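One letter stands for each residue in the lines below.
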Amino acid sequence: MKPKVVLTSWVHPEVINRLAEHCDVVPNTTRERLSREEILSRAKDADAIMTFMTDSVDDEFLSACPHLRVVACALKGYDNYDVNACTRRGIWITNVPDLLTIPTAELTIGLLIALTRKILQGDQLVRNGSFDGWRPVLYGAGLTGRTLGIIGMGAVGQAIVARLQGYELKLLYADPRPLPPDMEARFGLRRVAVDHLLAESDFVVPMLPISEDTLHLIDADAIATMKAGAFLVNACRGSVVDEEAVADALAAGKLAGYAADVFELEEWARPDRPTNISARLLADSERTLFTPHIGSAVDSVRLAIEMEATTNILQVLAGQEPQGAVNRPVTKVAA
């Protein structure tokens, strides 16, 4: 019998075809998220599972799937997954660490420009039939000569500053680990403390993973130290930003605008996560801009991510160490 592989979300047909050469594939043919109960029903006798941002794998999940050999995450961050539980049970957990970097950087810059230049409002004005020629309206904030600060200078942060060259921005960054001096010079970067960055930046871009230290890093106290009229753009993790604090700051005129591709309700591993986006943020269409977590939603990139997750699965099923290994599992004990 072929090993069984469950795919929890829609993937490109090429991925299914590649897996089907070696495996019995159980795909999700819809674009909707499967319930945990449905995933467990499909995966209870599976050898491998390909998972996505909406999934969460814990010890209870693994207990219900005793034949699993690999959990292949088609994503970069894996805080929704109990790595230690997988390791104890002799199950590989893998991720795709690099392919999301460039598209996320591109979207972050797109959100920044669209928010500050009021592009969405301009589109709506043209479409509602009231535009009959130039008027002195929708004056926004240009980038030239202003200061942009990035909190977290990992791969995505570096990709952002590389793509901002030529915009004539002053670029600050805050990170516990300094970049090499030659890289700072090449990108025109200056490393400062977070408080200094918040106080000096016209545009603030957190680019951090979620952890106990970064949960609500941008809260009411942090926003209070920001420039009046600053813009905030979040395309890293929703819970790095306190959405209610942002709504307060927008209402008070402290922040000029907020754009986000990620939201607190997406933090499945956070027990106190809100179940909705702040209604006040959604209602403030003049000063907010939102996209539905499409940071990596470039078709060719998503296919490459799925294919890399597929490679990890096939390597494990062939008795090899997967190239995207997050852990080094102990020898699996027979159930």
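Here the structure is a predicted model, which is why all the values come from computation and not from measurement.

**A short note on the overall build of the chain**
Then step 1. Helix and strand counts for the chain stand at 13 helices and 12 strands.
Then step 2. The C-alpha radius of gyration computed for the chain amounts to 22 Å, which stays within 12% of the reference 20 Å derived for 335 residues, consistent with globular compactness.
Then step 3. Counting contacts in the chain only where the partners sit at least 6 residues apart, residues at least 24 apart contribute 64% of the total.
Then step 4. One way to put it: in the chain the 33 positive side-chain charges average out to a point 2 Å from where the 44 negative ones average out.

**Notes on the pattern of salt bridges**
Then step 1. Summed over the entire model, instances satisfying the criterion amount to 16 salt bridges.
Then step 2. Measuring nitrogen to oxygen at the nearest pair gives 2.6 Å for the salt bridge that ties Asp79 to Arg237. You can see Asp79 sitting in the loop between strand E4 (70–73) and helix H4 (83–88) and its partner Arg237 sitting in the loop between strand E10 (230–234) and helix H11 (243–252), a full 158 residues away along the chain.
Then step 3. Look at Asp79 and you get partly exposed, because its relative accessible area is 33%.
Then step 4. Judged by its relative accessible area of 10%, Arg237 is buried.
Then step 5. Overlapping salt bridges bring together Asp59, Arg88 and Arg89 as one network.

**Structural notes on unusual backbone geometry**
Then step 1. One non-glycine residue, His216, lies in the positive phi region at around 55 degrees.
Then step 2. Along the chain, His216 turns up in the loop between strand E9 (203–206) and helix H10 (220–224).
Then step 3. The phi torsion at His293 lies on the positive side, around 50 degrees, for a residue other than glycine.
Then step 4. Of note, His293 is situated in the loop between strand E12 (288–290) and helix H13 (299–317).

**Topic: the packing of aromatic side chains**
Then step 1. This structure, assessed with the given rule, holds 3 aromatic pairs.
Then step 2. Among the aromatic residues, those joined into a ring-pair cluster are Tyr258, Phe263 and Phe290.
Then step 3. Geometry around Phe187 places Arg186 over its ring, the cationic atom sitting 5.0 Å from the centre.

**Concerning the packing of helix H5 (residues 101–116) against helix H7 (residues 155–163)**
Then step 1. At their nearest, the axes of H5 and H7 sit 8 Å apart, and the two run at 55 degrees to each other. Looking at the two axes, H5 sits oblique to H7. The hand of the H5/H7 crossing is right-handed. Contacts between H5 and H7 pair Thr101, Ile102, Thr104, Ala105, Glu106, Thr108 and Ile109 from the former with Ala155, Val156, Ala159, Ile160 and Arg163 from the latter.
Then step 2. The class makeup of the residues in the contact of H5 with H7 is 7 nonpolar, 3 polar and 2 charged.

**Things to note about the environment of Thr30**
Then step 1. Along the chain, Thr30 turns up in the loop between strand E2 (24–26) and helix H2 (36–43).
Then step 2. Judged by relative accessible area, which is 37%, Thr30 ranks as partly exposed.
Then step 3. At 2.8 Å, the side chain of Thr30 forms a polar contact with the side chain of Asn28.
Then step 4. Of note is the side chain of Thr30, whose polar atom sits 3.1 Å from the backbone nitrogen of Glu32.

**Focus: the environment of Pro322**
Then step 1. With respect to the helices and strands, the residue Pro322 is situated in the segment after H13.
Then step 2. When its relative accessible area of 3% is taken as the criterion, Pro322 is described as buried.
Then step 3. Measuring from C-alpha to C-alpha, the distance between Pro322 and Asn95 comes to 9.7 Å, with 227 residues separating the pair along the chain.
Then step 4. Apart from the residues within four sequence positions on either side, Pro322 is in contact with Trp92, Thr94, Asn312, Gln315 and Val316.

**Considerations on the sheet that holds strand E3 (residues 48–51)**
Then step 1. Taken together, the 5 strands give an open sheet; going across it, the order is E2-E1-E3-E4-E5, and neighbouring strands pair in parallel fashion. With partners counted over all chains shown, the strands left at the sheet margins are E2 and strand E5 (92–94), one partner each. For this sheet, the mean angle separating the axes of adjacent strands, direction not counted, is 15 degrees.
Then step 2. Note: strand E1 (residues 4–7) against E2, 3 bridges, orientation parallel. Its bridge partner lying in E2, Lys4 is registered against Asp24.
Then step 3. Across the sheet, H2 is in contact with E1, E2 and E3; its angle to E1 comes to roughly 165 degrees.

**Description of the pairing of E10**
Then step 1. Counting buried positions along E10 gives 5 out of 5 residues, so the element sits mostly inside the fold.
Then step 2. Where burial is concerned, the two faces of E10 agree: the one with Ala230, Leu232 and Asn234 and the one with Phe231 and Val233 are both buried.
Then step 3. Relative to E10, E9 runs parallel, the two being bridged by 2 bridges. When the bridges of E10 are listed, Val204 appears paired with Leu232.
Then step 4. Two strands pair when backbone bridges link them, and E10 and strand E11 (residues 255–260) are joined in this way by 5 bridges, in the parallel orientation. Within E11, the position partnered with Val233 by the bridge is Ala259.
Then step 5. Read from E10 through H11 to E11, the crossover connection turns out right-handed.

Parameters at a glance
- Residues numbered from 1 in each chain as written.
- Predicted model: local features only at pLDDT ≥ 70, side-chain atom pairs only at ≥ 80, totals over all residues.
- Heavy atoms only, no water.
- Helix = DSSP H or I, 4+ residues; strand = E, 2+ residues; numbered from the N terminus.
- Rg over C-alpha atoms; globule rule 2.2 N^0.38 Å.
- Contact = heavy atoms within 4.5 Å.
- Lys, Arg positive; Asp, Glu negative; His and termini not counted.
- Charge placed at Lys NZ, Arg CZ, Asp CG, Glu CD.
- Salt bridge = Lys/Arg side-chain N within 4 Å of Asp/Glu carboxyl O.
- Buried < 20%, exposed > 50% of the residue type's maximum accessible area, 1.4 Å probe, protein only.
- Phe/Tyr/Trp six-rings, centres within 6.5 Å; stacked < 30°, edge-to-face > 60°.
- Lys NZ or Arg CZ within 6 Å of the ring centre and 35° of its normal.
- Axes fitted to C-alpha atoms, helices over the stretch in contact; angles between N-to-C directions.
- Parallel < 35°, antiparallel > 145°, perpendicular 65-115°, else oblique.
- Left-handed = near helix turned anticlockwise from the far one by under 90°.
- Nonpolar A, V, L, I, M, F, W, Y, C, P; charged D, E, K, R; others polar.
- Polar contact = N/O pair within 3.5 Å; in protein donor to acceptor, adjacent residues only side chain to side chain.
- Pairing = 2+ DSSP bridges.
- Right-handed = clockwise from strand over helix to strand, strands pointing away.

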